[in-house]
Amino acid sequence: MSTFVEAQVTEILEERRGLQKLRVQRNDAGPGDRAYALTQLIGTAQPGDKVVINTTAVELNLGTGGWHFVHWNLSRNELRLPASGHQIKLRYTSLQFDTETAEEADAYVPPKSLDNMPVVGCQLLSQAATAIIAFKHLRPTARVVLVMTDDNALPLALSDLIAELSDKHFVDATITAGQAFGGDHETVTVLSALGVAKAQERADLIVVTQGPGSLGTASQFGFSTLGIAAVLDDVHWYGGVPILAVRWSEADVRERHQGLSHHTSTILERANHAVVPVPSRRPDIAIKNHPCETFDVGDIENLLDNTGIKVTTMGRSPRQ
C-alpha cells in the first residue's frame, strides 16, 4: 500500500543542503503535519505551495519518525536542476537524477592500497557517531571521513546526526556510495568510496555506516546491515584494517538483541577473512576467531554529553 495526498505548505521549519523540513496542512483543522522535502530531487517549496505528500510510512508507523515526504510540488509546471555528471542514481524510478561520481572525474586515480588505515564498519548510525567522537577525542587533528552505504535511507541530507557531526567538525568529509546520495562525493561503489576517502580526502579514519532507519527482522539474514560483512572483506582486500562496532545491549526487550546481537554474530560469520578485531569495553565478550581489543577513552556518556550532540538508538539515550 502506498498513499499520496495533496497538502499545502504552511511553514518552513528548517533548511540545510539537500533538505527542507516543512509544516503542511491537509485540511483546515489541526496543527498540520511535518514533511521532508528532498530539494536535490524536487527543488524547494515555499509557504502557500500545493504539494503531493507520501504518507505511507507514517500511516504504517514505520521508519520516518512521524515525517511525510513531499513527492512533488504542484505549484510548478516543470523543474530543471543543474548537474554536471551523467551517472544516474535512483535509477528507473520517477525521481531518477544525474550526478557526477568520483570515478568519472578526470583526476580520479584510485590508490593501490589503504596502507593499514583503520576502517570501522557500523551497524547503526549511533555507533558511527560514537566511534567518530571517541576517535576525535583521542586525535583531535585527525581527519575522519564518513561513508554512507545504500543499505537503508538513501538521502544523506535526511540525517540530523551526520549534519551535526559535520557542522561541528567531527566529520571532515562525507561520501555516498551506490544509490545513496548527497555526500561531498558520490561514488558507484563502497570500494571506490574507500579509495576516495584516502586519496582525495586524506583520511586517517574511515567510518562506514548505513543511513537512518535500520531495517531488521527476526530471520538470520533479513537485516539491512548484513552488507557490512562485504565491507569488512573489501577493506581487508584493499589493505586496510577492518574493525566492526559491536552491537551489544542489556536493555533491548528483544531476546535476539540481548547481550551480543545476532546481527553482529552473523556479520562476523559472513566475513570471509580470518580475523576482524572487535573493539570492546567488555573483556568478557568472547567471539569465535575474532579477538576483542579493549580500549578506554574515559566515560563515553560524559564524552557524548560534552559535545552537545544528541546520540540515541531507537529513541534511547546512552544511559538508557
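A few points on the structure.

Thresholds, definitions, all that
- Residues numbered from 1 in each chain as written.
- Predicted model: local features only at pLDDT ≥ 70, side-chain atom pairs only at ≥ 80, totals over all residues.
- Heavy atoms only, no water.
- Helix = DSSP H or I, 4+ residues; strand = E, 2+ residues; numbered from the N terminus.
- Buried < 20%, exposed > 50% of the residue type's maximum accessible area, 1.4 Å probe, protein only.
- Salt bridge = Lys/Arg side-chain N within 4 Å of Asp/Glu carboxyl O.
- Pairing = 2+ DSSP bridges.
- Axes fitted to C-alpha atoms, helices over the stretch in contact; angles between N-to-C directions.
- Parallel < 35°, antiparallel > 145°, perpendicular 65-115°, else oblique.
- Left-handed = near helix turned anticlockwise from the far one by under 90°.
- Contact = heavy atoms within 4.5 Å.
- Polar contact = N/O pair within 3.5 Å; in protein donor to acceptor, adjacent residues only side chain to side chain.
- Nonpolar A, V, L, I, M, F, W, Y, C, P; charged D, E, K, R; others polar.

## Some details on the environment of threonine 3
- Among the structural elements, threonine 3 can be located in the segment before strand E1 (4–16).
- Since its relative accessible area comes to 17%, threonine 3 is described here as buried.
- When the C-alpha positions of threonine 3 and glutamate 59 are compared, they lie 8.6 Å apart, and in sequence the two are 56 residues distant.

## As for the pattern of salt bridges
- Throughout the structure, instances matching the rule amount to 11 salt bridges.
- Of the charged contacts, one joins lysine 21 and glutamate 14 as a salt bridge, the two residues approaching to 3.6 Å between their closest N and O atoms.
- The closest approach of N and O atoms between aspartate 115 and lysine 198, which form a salt bridge, is 3.2 Å. Note that aspartate 115 is positioned in the loop between strand E7 (97–99) and strand E8 (118–121) and lysine 198 in helix H5 (residues 190–199), a separation of 83 residues in sequence.
- Relative accessible area serves as the criterion here: at 53%, aspartate 115 is assigned to the exposed category.
- Bridged by salt links that share partners, the residues Glu14, Arg16, Lys21 and Asp160 form one connected network.

## Points about the sheet that holds strand E9 (residues 144–148)
- The strand order E11-E10-E9-E12-E8-E13 describes an open sheet built from 6 strands, whose pairing is parallel. Looking at the sheet topology across the chains shown, the edges are occupied by strand E11 (185–187) and strand E13 (241–244). Across this sheet, the average inter-strand angle for adjacent strands is 25°, counted without regard to direction.
- Where E8 and strand E12 (residues 205–209) come together, 3 bridges link them in parallel fashion.

## Regarding the packing of helix H3 (residues 125–138) against helix H4 (residues 160–167)
- Where H3 meets H4, the closest approach of the two axes is 10 Å, and the angle between their N-to-C directions is 15°. Considering their axes alone, H3 and H4 lie roughly parallel with respect to each other. Here H3 and H4 pass one another in a crossing that is left-handed. Of the residues in H4, those touching H3 at Leu125, Ser126, Ala129, Ile132 and Ile133 are Leu161, Ile162 and Leu165.

## Brief notes about the side chain of threonine 187
- With respect to the element layout, threonine 187 can be found in strand E11.
- On the accessibility criterion, threonine 187 (0% relative accessible area) is buried.
- Here threonine 189 takes part through its backbone oxygen, which lies 2.9 Å from a polar atom of the side chain of threonine 187.
- Each residue touching threonine 187, except ones within four places of it in the same chain, is listed here: Lys89, Thr101, Ala102, Glu103, Ile175, Thr176, Ala177, Gly178, Ser192, Ala193 and Val196.

## Overview of the environment of proline 82
- Positionally, proline 82 belongs in the loop between strand E5 (67–73) and strand E6 (87–89).
- Using a relative accessible area of 81% as the deciding quantity, one classes proline 82 as exposed.

## Section: the sheet that holds E1
- The mixed closed barrel is built from 5 strands, whose spatial order is E1-E2-E3-E5-E4. Across the sheet, the mean angle from the axis of one strand to that of its neighbour is 55°, orientation sign disregarded.
- Note that strand E3 (residues 33–37) and E5 share 3 bridges and pair parallel. Bridge assignment links tyrosine 36 to a residue of E5, and that residue is phenylalanine 69.

## Details of the packing of H3 against helix H8 (residues 300–307)
- The interhelical angle for the contact between H3 and H8, taken along N-to-C directions, is 90°, at an axis separation of 10 Å. Taken together, the axes of H3 and H8 lie roughly perpendicular to each other. Taken together, the residues of H8 that come into contact with H3 (itself represented by Thr130, Ile133, Ala134 and His137) are Ile300, Leu303, Leu304 and Thr307.
- Split by residue class, the contact of H3 with H8 holds 5 nonpolar, 3 polar and no charged.

## Remarks on the pairing of E8
- Summarising the sheet, E8 and E13 pair through 4 bridges and their orientation is parallel. Among the inter-strand pairings, valine 119 is bridged to a residue of E13, identified as proline 242.

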